[in-house]
Amino acid sequence: MILVISLLILLMLVAAIAAIFFKDLINAVIASCMVSLIASILFYFLQAPDVAMAEASIGAALVSAVFIIAIRRTKRYEE
Amino acid sequence: MKSIISLILLSVIALGIAISLDKIPFGVPKTKIGDYYIDKGREETGAANIVTSVVVNYRCFDTLGEVTILFIAAIGLGAVLATRRKKEKREIEPASLVLYAGCRFLFPLILLFGAYISIHGHLTPGGGFQGGVVVASAFLLAYLGCRGRRVSETGIKTVESLGGLVFIVVGLVGLAVGGHYFLSNFLSKGELNSLFSAGVIPIIYIAIGLKVGSELTGVIDHLVEESE
């Protein structure tokens, strides 16, 4: 169990760092969405299903959609 | 130069967090209030889900503040985006067949799931906030799949006002009938773990679900309309 959780935390860190370094902003949004998704899995493991549900629906779904709509209005690639 | 400044700022923030967390023992609760909720929560509120009994019964005034914050944020977004509207109508490219068919299949199921989460907030994990967000994500899917179709703005505003009104009215009735504080639980508690239990908690959570769902649908509506 502790191995799975450590692996998830490692994956979360990698995704968070990748979100900073991606030049394509759509990829960065997907990486930050992955951070939220793994956070929600971790909340579930920590016996907080309410928070996990909120994190998955807000952090992974709605925030990513808002970012992608904003990127569609502006530029997709970072200089 | 810029990176040095940000490094200094970052270390100051890290130091502050370290100092403030230094004295707190890890994994040991410092207050007794959590134990009180776990021991007495079920019999005092009648809700099987203790998180819900805290959010909608013990700390319901904070919940009213949260809902108000979301309301003000949605209004602010509408005010910012409404200043530049009504460009020329462009031809909207229809979505692909797979997305269209999947959207038509999934939209009612996601709506049902959101309603289930809102209504069963006092029995299972989740509640009005989570259910409202799930409902809003169903509308987001509908905007992606069936382009050109819009939710009526009057409908969104009506449902939102209705949700807020129910919250306030139930609170004031509780103040008048049940006791000497706002939103006191004046209905009968019922049997633990049944759908019609916990007094006013399901009513308030359904109202919050309607309010949050319609507010976020309005936000998505504004953003999608602006991006087309």
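Since the structure is predicted, the reported quantities are computational estimates derived from the model, not experimental observations.

Novice: Sorry, what's going on with the overall build of chain A here?
Specialist: Along its length, chain A carries three helices and zero strands. Helices (α) and strands (β) of chain A occur, in sequence order from the N terminus, as α-α-α. Overall size of chain A, expressed as C-alpha extent along the three principal axes, is 40 × 25 × 10 Å. When each of the 79 residues of chain A is scored for burial, the buried share is 29%.

Novice: Help me out: how do you make sense of a nonpolar patch on the surface in this one?
Specialist: A contiguous nonpolar patch, built from B:Ile119, B:Val159, B:Leu195, B:Phe196, B:Ile206 and B:Leu210 and spanning about 530 Å² of accessible area, is present on the exposed surface. Assignment of secondary structure puts B:Ile119 in helix H5 (residues 97-119).

Novice: Looking at this structure, how should I read the nonpolar core?
Specialist: Soluble globular proteins: nonpolar side chains tend toward being buried together. With 31 residues, the main nonpolar core has B:Phe167, B:Leu183, B:Ile204, B:Ile208 and B:Ile220 as its most contacted residues. Mapped by element, the contributors of at least two residues to this core are helix H3 (49-73) of chain A together with helix H4 (60-81), helix H6 (128-145), helix H7 (153-178) and helix H8 (201-227) of chain B. It is H8(B) that provides the largest number of residues to this core, a total of ten residues. Dropping the residues within four chain positions of it, B:Ile220 is found in contact with A:Leu62, B:Ala136, B:Leu140 and B:Tyr143.

Novice: Explain the interface of chain A and chain B to me, please; I cannot follow it from the model alone.
Specialist: A common way to report how large an interface is uses the accessible area buried once the components associate. Counting residues at the interface gives twelve residues for chain A and 18 residues for chain B. Taking both partners together, chain A and chain B bury about 1,300 Å²; carbon and sulfur atoms supply 73% of that area. Of all residues in chain A, A:Asp50, A:Leu62 and A:Arg73 give up the largest surface area on contact with chain B, accounting jointly for 42% of the area buried on that side. Seen at the junction of chain A and chain B, the total is zero salt bridges. Where chain A touches chain B, the interface holds three residue pairs in polar contact (both at pLDDT 80 or more). Of the residues contributing to the side of chain A that touches chain B, the split by class is eight nonpolar, one polar and three charged.

Novice: Even after reading the chapter, I still don't get the layout of surface pockets, so can you show me in this structure?
Specialist: By rolling a water-sized probe across the atoms, one finds the places where empty space is left. As a volume, the second largest pocket reaches approximately 540 Å³. If you trace the second largest pocket, you find 30 residues lining it, with A:Ile58, B:Leu70, B:Phe129, B:Val133 and B:Val212 closest to the centre. Elements with a contribution of two residues or more to the lining of the second largest pocket: H3 of chain A together with helix H3 (50-58), H4, H6 and H8 of chain B.

Novice: Looking at this structure, how should I read the packing of helix H1 (residues 2-21) of chain A against helix H2 (residues 25-45) of chain A?
Specialist: In helix packing, the relevant descriptors are the interaxial angle and the interaxial distance, both defined with respect to the helix axes. Residue and element names in this part refer to chain A. Direction vectors running N to C along H1 and H2 enclose 155°, while the axes themselves pass 8 Å from each other. The orientation of H1 with respect to H2, classified from their angle, is roughly antiparallel. Between H1 and H2 lies a crossing whose hand is left-handed. Here Val 4, Ile 5, Leu 8, Ile 9, Leu 11, Met 12, Ala 15, Ala 16 and Ala 19 of H1 lie close against H2, whose contacting residues are Ala 28, Ala 31, Ser 32, Met 34, Val 35, Ile 38, Ala 39, Ile 41, Leu 42 and Phe 45.

Novice: I would appreciate a short explanation of the confidence of the model for chain B in the present structure.
Specialist: Interpretation of this model should avoid reading the predicted coordinates in detail wherever pLDDT is low. All names here are of chain B. The pLDDT averaged across chain B works out to 84; a share of 95% of its residues lies at or above 70. The secondary-structure element of chain B with the lowest mean pLDDT is helix H2 (residues 33-45), recorded at 81, while helix H1 (residues 2-22) shows the highest, at 92. Scored by ipTM, the complex comes to 0.84, with pTM at 0.82.

Novice: Even after reading the chapter, I still don't get the side chain of B:Lys211, so can you show me in this structure?
Specialist: Along the chain, the position of B:Lys211 falls in helix H8. Contact partners of B:Lys211, with chain neighbours within four places excluded, come to B:Val67, B:Phe71, B:Glu160, B:Gly163 and B:Gly164.

Novice: How should I be thinking about H2(B) in this particular structure?
Specialist: Because each turn of an α-helix spans 3.6 residues, side chains separated by three or four positions in sequence point in the same direction. All names here are of chain B. Spanning 13 residues, H2 covers only 15 Å between terminal C-alpha atoms, well under the ideal 18 Å at 1.5 Å per step. In the structure, H2 departs most strongly from a straight axis at Asp 39, where the bend amounts to approximately 45°. Tyr 37, Gly 41 and Thr 45 are the residues of H2 that are buried. Just downstream of H2 lies Gly 46, where phi reads positive at about 85°.

What counts as what
Note that residues are indexed from 1 along each chain, following the sequence as it is written. To read the labels, note that chains go from A and ligands from 1, taken in the order they are written. For this predicted model, a pLDDT threshold of at least 70 governs which residues receive local features, and a threshold of 80 or more governs which side-chain atom pairs are given and counted, while totals over whole chains, interfaces and linings are taken from all residues. To get the side-chain values, all heavy atoms of the structure are used, and hydrogens and water are removed first. Per the convention used, a helix needs a DSSP run of H or I reaching at least four residues, while a strand needs a run of E reaching at least two, with both numbered from the N terminus. Accessibility here uses a 1.4 Å probe with only protein chains present; expressed as a share of the type maximum, an area under 20% marks a residue as buried, one over 50% as exposed, and anything in between as partly exposed. Exposure above 30% relative accessible area and the lack of any salt bridge qualify a residue for a patch; like charges then connect within 9 Å, and the nonpolar side chains Val, Leu, Ile, Met, Phe, Trp and Tyr within 5 Å. Computed by Shrake-Rupley with a 1.4 Å probe, the accessible areas treat only the displayed protein chains as cover when residues are assessed. Within this document, salt bridges are pairs made up of a side-chain nitrogen of Lys or Arg and a carboxyl oxygen of Asp or Glu, the two lying within 4 Å of each other. As used in this record, nonpolar core signifies buried Ala, Val, Leu, Ile, Met, Phe, Trp, Tyr and Cys residues forming a set joined through side-chain atoms within 4.5 Å. The criterion used for residue contact is that any of the two residues' heavy atoms lie within 4.5 Å. Once two parts are put together, the accessible area they lose, assessed with a 1.4 Å probe and summed over both, is termed the buried area. In the analysis that follows, any N or O atom pair within 3.5 Å is treated as a polar contact, provided that within protein one partner can donate a hydrogen and the other can accept it, and provided that, for residues neighboring in sequence, both atoms belong to side chains. The residue classification treats Ala, Val, Leu, Ile, Met, Phe, Trp, Tyr, Cys and Pro as nonpolar and Asp, Glu, Lys and Arg as charged. All others, Gly included, are polar. Detection works on a 1 Å grid of protein atoms alone, calling trapped sets that fit a 1.4 Å probe cavities and calling open sets with protein on both sides within 12 Å along at least five of seven lines pockets, with lining residues defined by an atom within 4 Å of a point. Grid points are joined across faces, edges and corners, and a volume is the space filled by probe spheres set on the points. Helix axes are fitted to C-alpha atoms over the stretch in contact, other axes to C-alpha atoms as well, and angles between N-to-C directions run from 0 to 180 degrees. Here is the rule for angles: anything less than 35 degrees is roughly parallel, anything more than 145 is roughly antiparallel, 65 through 115 is roughly perpendicular, and the remaining ranges are oblique. Less than a right angle of anticlockwise turn of the near helix away from the far helix marks a crossing as left-handed, whereas a clockwise turn marks it as right-handed. The quantity called pLDDT is the predictor's confidence in a given residue, expressed from 0 to 100. The span you would expect from a helix comes to 1.5 Å times its residue count less one. We define the bend at any residue as the angle between the axes fitted to the seven residues before and including it, ending there, and the seven starting there.

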